[in-house]
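# Summary of structural features
Take a look at the letters that make up each chain.
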Amino acid sequence: ERLKAELNGLSESSAVVQRLRSLTGEPWQHGVACLLTLGDLPTAREEVLNSRERVPGKNWAEACVLVADEALKVQESNELVDPSLAEELVSTLVEAERPCQALEVFTQLAVSDAQRAVNLLLREREMRSKADPE
């Protein structure tokens, strides 16, 4: 808990990355989540892709899911943040024989696409109601 509090207190990605180099397991996974909280998706991506051999498989795979979830958030423009990153992580998880986490990311891809479709329908309905007030 002390280590998590320390990571939460860091306000720059470079400080988190420097601290991550000495961590493994759950503290490392929490550090990746801190990078995402700081809005640094590219650095979180690099960290998970470069730490596969160093970090226990379960924590590494769960961090991949966290990064993919962030990449699949639907933005105001109704576009996903970085769907290609999520696809890359699905492939990496399958290659690492982590089918449950790969399925979780793949499912999130489908959910994000469904959310985008719903958003489009709602926008179209709203435009119709503005154009044709009863």
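Provided above is the structure to which this section pertains.
Right, let's walk through the structure included here. Values in this document were obtained by computation on a predicted structure and should not be read as measured data.

### Topic: the overall build of the protein chain
- A tally of regular secondary structure across the protein chain gives 7 helices and 0 strands.
- Its helices and strands taken in sequence order, the protein chain reads α-α-α-α-α-α-α from the N to the C terminus.
- Radius of gyration (C-alpha) of the protein chain: 18 Å, far over the 14 Å computed for a compact globule of 134 residues.
- When its C-alpha atoms are laid out on the principal axes, the protein chain stretches across 65 × 35 × 20 Å.
- Buried residues in the protein chain amount to 35% of all 134 residues.
- Considering only contacts in the protein chain between residues 6 or more positions apart, those separated by 24 or more positions represent 56%.
- Element-wise, carbon and sulfur atoms account for 52% of the exposed surface of the protein chain, whose accessible area totals about 8200 Å².
- Seen as two clouds, the 15 positive and the 24 negative side-chain charges of the protein chain have centres 3 Å apart.

### With respect to the pattern of salt bridges
- Applying the stated criterion across every chain, the model contains 10 salt bridges.
- A salt bridge links Arg116 to Asp113; the nearest nitrogen and oxygen atoms lie 3.6 Å apart. Of this pair, Arg116 and Asp113 both sit in helix 7 (residues 99-131), 3 residues apart, roughly one helical turn.
- With a relative accessible area of 23%, Arg116 lands in the partly exposed category.
- Owing to a relative accessible area of 40%, Asp113 belongs among the partly exposed residues under this scheme.
- For the salt bridge of Arg128 with Glu124, the shortest nitrogen-to-oxygen distance reads 2.5 Å. Remark: Glu124 and Arg128 occur in helix 7; sequence separation between them is 4 residues, near one turn of the helix.
- Taking relative accessible area as the criterion, Arg128 reaches 56% and is therefore assigned exposed.
- Look at Glu124 and you get partly exposed, because its relative accessible area is 38%.
- Here the salt bridges do not stand alone but share partners, grouping Arg21, Glu47 and Arg54 into one network.

Cut-offs used in this document
Residues numbered from 1 in each chain as written. Predicted model: local features only at pLDDT ≥ 70, side-chain atom pairs only at ≥ 80, totals over all residues. Heavy atoms only, no water. Helix = DSSP H or I, 4+ residues; strand = E, 2+ residues; numbered from the N terminus. Rg over C-alpha atoms; globule rule 2.2 N^0.38 Å. Buried < 20%, exposed > 50% of the residue type's maximum accessible area, 1.4 Å probe, protein only. Contact = heavy atoms within 4.5 Å. Areas by Shrake-Rupley, 256 points an atom, 1.4 Å probe, with all protein chains shown as cover. Lys, Arg positive; Asp, Glu negative; His and termini not counted. Charge placed at Lys NZ, Arg CZ, Asp CG, Glu CD. Salt bridge = Lys/Arg side-chain N within 4 Å of Asp/Glu carboxyl O.

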